[in-house]
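Residues per chain are reported as follows:
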Amino acid sequence: MKVLVAVKRVIDYNVKVRVKPDNTGVDLANVKMAMNPFCEIAVEEAVRLKEKGVASEIVVVSIGPKACQEQIRTALALGADRGIHVETSEEVQSLEAAKLLKAVVEKEEPKLVILGKQSIDSDNNQTGQMLAALTGMGQGTFASEVVVDGDKVNVTREVDGGLMTVSLSLPAVVTTDLRLNEPRYASLPNIMKAKKKQLDVMSPEDLGVDIAARLSTLKVEAPAARKGGVKVADVAELVDKLKNEAKVI
Amino acid sequence: MSILVIAEHDNSELKQATLSVVAAAKAVGGDIDVLVAGENVSGVAEAAAKIEGVNKVLVADNAVYGHFLGENLGELVAEVGKGYGHIFAAAGTVGKDFMPRVAALLDVAQVSDIMRVESEDTFVRPIYAGNAIATVKSSDAIKVITVRPTAFDPVAAEGGSASVETLDVVKDAGLSTFVNEELAKSDRPDLASAGIVISGGRGMQNGENFKMLEQIADLLGAAVGASRAAVDAGFVPNDMQVGQTGKIVAPQLYIAVGISGAIQHLAGMSDSKVIVAINKDEEAPIFQVADYGLVGDLFQVIPELESSLKAL
Ligand SMILES: Cc1cc2nc3c(=O)[nH]c(=O)nc-3n(C[C@H](O)[C@H](O)[C@H](O)COP(=O)(O)OP(=O)(O)OC[C@H]3O[C@@H](n4cnc5c(N)ncnc54)[C@H](O)[C@@H]3O)c2cc1C
Ligand SMILES: Nc1ncnc2c1ncn2[C@@H]1O[C@H](COP(=O)(O)O)[C@@H](O)[C@H]1O
């Protein structure tokens, strides 16, 4: 079966984010960018499905500026077979990303679509569920285990109270949580090989999708800074402060 | 325009988060209706009718909603929500699962995890793991919003007397079925709403050692949380993870034990009123946000803390 994986280019999770002085956004100039960590987990899951003989082809898609091709190449080096870049320099919000992905799904007809549960920049946690609704597919969100069984997939989900398993008819959408797997690193030979893999570029217009944003960001501010407090010498002082100064115990 | 709030519950009890979501809806202004969708939820509907400031409670009681499957709830809420100006739900794993489906079905954007209401179309929310706070304005006719419960003081659970109306809308998308669940059972308070939380990180070394934290939790009436590293290592289950991609907590007192203080962890607890850090590394970033820092070996400090608390 064919698996489609959506990967997003975001700020590297180790980078200390800085808000721009004019409050229009965060400073992305000369900042290290990377594949969204949840998307790495999505790629890894697809590769494992291929290694198990469950997946036959892995197509990876990214939406955004030209530079997204770096993340597509990374996914190709990790084991994806083919890439699709939906190129646009406009900001693409989750609903519009879901519409673009729907158009790609209609072209590619994958049996399984794997996305990250959340982008670590917007922290939206929306796109996979929106794609599932738009395509009329079932969804296994926040997955910590994915087992394909014939024309069904069983997804164990990380929920507030613990774990919950659902069974979905294929085609279906899965969004990844942290415990699904541990992504591998790409080897040098595979990075070289990835350069030769097919990567098709298309525009939102080619896919017939209007990507005009529905939400406008009026301002972006730094959070109220917490000032570090004091160091206490020992447990006795700690308990005393909590009881008599902070009055929280 | 009126507002539809989707109640958070487990079929038998209304969750406290619902009261915070109603508070957020109140900040928008207008009539507030609460939808209770689930199976055998008459008790929840009664509780919802008593919430201060609620106009009407709508009840969709059917087995298809019993496990809160996102596909079925999405269709139900999109249908019922069509006539409202705003649809609000808590940003827990249920709301995060079905609300984007509602937004997509209504062809509107969703604003996730709001922490403040500026006006009926403008909301404040954290981005980049809380390292930036964005004010966003929606141009859509229906605002689909998930709410960070810890950011809104709950309205009173009693005092209202809303009418209760039964809906006979049955939406079975037929796309997914419930197989099973493993829910953590604990007599301790719920992590997301506890007044005191004590969390352990990789420094705890194993799951057995978390018992030390549980003993302190029992003395303080606290909930026990964890860092991602502790969950990934299998010390404790996933529902205990606090952080950007886990639970958001904002208790009166948060005690971080053997946790370094990565931004993804801070994102889940830095709104706590008082933060205590216990860590053997005096350079650990957690000390930069801690009101009270104690540099020391947790295996020495925690037993001492336990006996001091017992002596109080
Ligand atoms: C996409 C993404 C999402 C993430 N989401 C989350 C999230 O939601 N929540 C989260 O917590 N993390 C999250 N993380 C992980 C985060 O980046 C850190 O890796 C994690 O928080 C570290 O956990 P820790 O502090 O327990 O472990 P470490 O960073 O290894 O720190 C352990 C600490 O214990 C101290 N210690 C060790 N032994 C002792 C002792 N005997 N006594 C006292 N102190 C001791 C050490 O000095 C150290 O400071 C996420 C990461 C990514 C990439
Ligand atoms: N621009 C994009 N390109 C490719 N995939 C995306 C894009 N935006 C979102 N996604 C996918 O949707 C997931 C969740 O994103 P979000 O809803 O923005 O939190 C990501 O982990 C990706 O898998």
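Residues numbered from 1 in each chain as written. Chains lettered and ligands numbered in written order. Predicted model: local features only at pLDDT ≥ 70, side-chain atom pairs only at ≥ 80, totals over all residues. Heavy atoms only, no water.

1. Describing the site of ligand 1
With respect to spatial proximity, 29 residues lie near ligand 1, and among them Arg202, Ser227, Ser260, Gln264 and Asn279 of chain B are the closest. Mapping the residues near ligand 1 onto chains gives chains A and B. In the environment of ligand 1, an oxygen atom lies 2.7 Å from a nitrogen or oxygen atom belonging to the side chain of Gln241 of chain B. A distance of 2.7 Å separates an oxygen atom of ligand 1 from a polar atom in the side chain of Ser260 of chain B. (Near = heavy atom within 4 Å. Polar contact = N/O pair within 3.5 Å; in protein donor to acceptor, adjacent residues only side chain to side chain.)

2. Regarding the domain arrangement of chain B
Residue and element names in this part refer to chain B. According to the domain assignment, chain B contains domain 1 (3–166) and domain 2 (191–311). Each of domain 1 and domain 2 has a C-alpha centre, and the two are 30 Å apart. On the side of domain 2, nine residues touch domain 1, which itself brings five residues to the contact. Note on domain 1 versus domain 2: buried area summed over both sides is about 610 Å², and carbon and sulfur give 57% of it. In this assembly, domain 1 and domain 2 are joined by zero salt bridges. One can count zero residue pairs in polar contact (both at pLDDT 80 or more) joining domain 1 with domain 2. When grouped by side-chain class, the residues that make up the side of domain 1 that touches domain 2 number one nonpolar, three polar and one charged. (Domains from an automatic or database assignment. Contact = heavy atoms within 4.5 Å. Buried area = accessible area lost by both parts, 1.4 Å probe. Salt bridge = Lys/Arg side-chain N within 4 Å of Asp/Glu carboxyl O. Nonpolar A, V, L, I, M, F, W, Y, C, P; charged D, E, K, R; others polar.)

3. As for the nonpolar core
In globular proteins that are soluble, nonpolar side chains generally tend to be buried together. Val86 of chain A together with Leu35, Ile87 and Val144 of chain B are the most contacted members of the largest nonpolar core, which totals 54 residues. The dominant element in this core, judged by the number of residues it contributes, is helix H3 (residues 94–108) of chain A, at eight residues. Once residues lying within four places of it in the same chain are set aside, the contact partners of Val86 of chain A are Val61, Ser62, Ile63, Gly64, Leu100, Val104, Met202, Ser203, Pro204 and Leu207 of chain A. Judged by nonpolar contacts, the second largest core, of 48 residues, contains Leu215 of chain A together with Ile3, Ile32 and Phe152 of chain B. (Core = buried A, V, L, I, M, F, W, Y, C linked by side-chain atoms within 4.5 Å. Buried < 20%, exposed > 50% of the residue type's maximum accessible area, 1.4 Å probe, protein only. Helix = DSSP H or I, 4+ residues; strand = E, 2+ residues; numbered from the N terminus.)

4. Some points on the environment of Asp200 of chain A
All names here are of chain A. Among the structural elements, Asp200 can be located in strand S11 (residues 199–202). Assessed through its relative accessible area of 28%, Asp200 is described here as partly exposed. For the pair Asp200 and Arg82, spaced 118 residues apart in the sequence, the C-alpha separation amounts to 8.3 Å. When sequence neighbours within four positions are dropped, the list of residues in contact with Asp200 reads Arg82, Gly83, Ile84 and His85.

5. Examining the side chain of Glu8 of chain B
Topologically, Glu8 of chain B is positioned in the loop between strand S1 (3–6) and helix H1 (16–28). No salt bridge is formed by the buried Glu8 of chain B. Its closest oppositely charged neighbour is Lys15 of chain B, at 5.6 Å. (Lys, Arg positive; Asp, Glu negative; His and termini not counted.)

6. Topic: the interface of chain B and chain A
Every contact between the two is made by 86 residues of chain B and, on the other side, 76 residues of chain A. Taken as a group, Thr93, Tyr128 and Tyr292 of chain B account for 12% of the area that chain B buries against chain A, more than any other trio of residues on that side. Inspection of the chain B/chain A interface yields six salt bridges. The partner of Asp291 of chain B in a salt bridge is Arg226 of chain A, with the nearest N and O atoms 2.8 Å apart. Where chain B touches chain A, the interface holds 46 residue pairs in polar contact (both at pLDDT 80 or more). Among the residues making up the side of chain B that touches chain A, the classes are represented as 39 nonpolar, 27 polar and 20 charged.

7. So, the sheet that holds strand S7 (residues 122–127) of chain B
Pairing within the open sheet is antiparallel, and its four strands lie in the order S12(A)-S8(B)-S7(B)-S6(B). Each edge of the sheet is formed by a strand with only one pairing partner; in this case those strands are strand S12 (215–221) of chain A together with strand S6 (116–119) of chain B. For this sheet the average axis-to-axis angle between neighbouring strands, irrespective of direction, equals 30°. (Pairing = 2+ DSSP bridges. Axes fitted to C-alpha atoms, helices over the stretch in contact; angles between N-to-C directions.)

8. Brief notes about the site of ligand 2
All names here are of chain A. Lining the immediate surroundings of ligand 2 are 18 residues, of which Ala6, Ser119, Asn125, Gln126 and Thr127 lie closest. Contact distances for ligand 2 include 2.8 Å between an oxygen atom and a backbone N or O atom of Ala6. Between ligand 2 and the protein, one listed contact pairs an oxygen atom with a backbone N or O atom of Gly116 at 3.0 Å. When isolated, ligand 2 has an accessible area of 480 Å², and the protein chains bury 97% of it. Put simply, the parts of the chain that give the shell around ligand 2 at least two residues each are strand S4 (57–64) and strand S6 (112–116). Looking at the shell around ligand 2, the element that brings in the most residues is S4, giving three residues. A class-by-class count of the residues in the shell around ligand 2 yields six nonpolar, 11 polar and one charged. (Areas by Shrake-Rupley, 256 points an atom, 1.4 Å probe, with all protein chains shown as cover.)

9. Things to note about empty space enclosed by the protein
For the coordinates displayed, the defined rule picks out two cavities of 30 Å³ or more. By volume, the largest cavity is sized at about 70 Å³. Along the lines of polarity and charge, the residues of the lining of the largest cavity split into eight nonpolar, three polar and one charged. For the lining of the largest cavity, the domains that each give at least three residues are domain 1 (3–166) and domain 2 (191–311) of chain B. Its boundaries defined by the atoms lining it, the second largest cavity holds a volume of some 40 Å³. For the lining of the second largest cavity, the secondary-structure elements that each account for two or more residues are strand S9 (162–169) of chain A together with helix H3 (70–81) of chain B. When the residues that make up the lining of the second largest cavity are grouped by side-chain class, the tally is three nonpolar, three polar and three charged. (1 Å grid on protein atoms, 1.4 Å probe; cavity = no way out; pocket = protein on both sides within 12 Å on 5 of 7 lines; lining within 4 Å. Points joined across faces, edges and corners; volume = space filled by probe spheres on them.)

10. Topic: the sheet that holds strand S14 (residues 253–257) of chain B
Strands belonging to one sheet form pairs held by backbone hydrogen bonds; the direction of such a pair is parallel or antiparallel. Spatially, the six strands line up as an open sheet ordered S13(A)-S16(B)-S15(B)-S14(B)-S12(B)-S13(B), and their pairing is parallel. Across the chains shown, the open sheet's two edge strands, defined by having one partner strand only, are strand S13 (230–231) of chain A together with strand S13 (223–226) of chain B. Direction of pairing for strand S12 (residues 196–200) of chain B relative to S14 of chain B: parallel, over a ladder of five bridges. Note that in S14 of chain B the partner of Ile196 of chain B across the bridge is Leu253 of chain B. In the packing of helix H6 (residues 235–245) of chain A onto the sheet, contacts are made with S13 of chain A together with S14, strand S15 (274–279) and strand S16 (292–295) of chain B, and the angle to S16 of chain B comes to roughly 170°. Strands in contact with helix H8 (residues 298–311) of chain B are S14, S15 and S16 of chain B; relative to S15 of chain B, the strand with the most contacts, it is inclined by about 130°.

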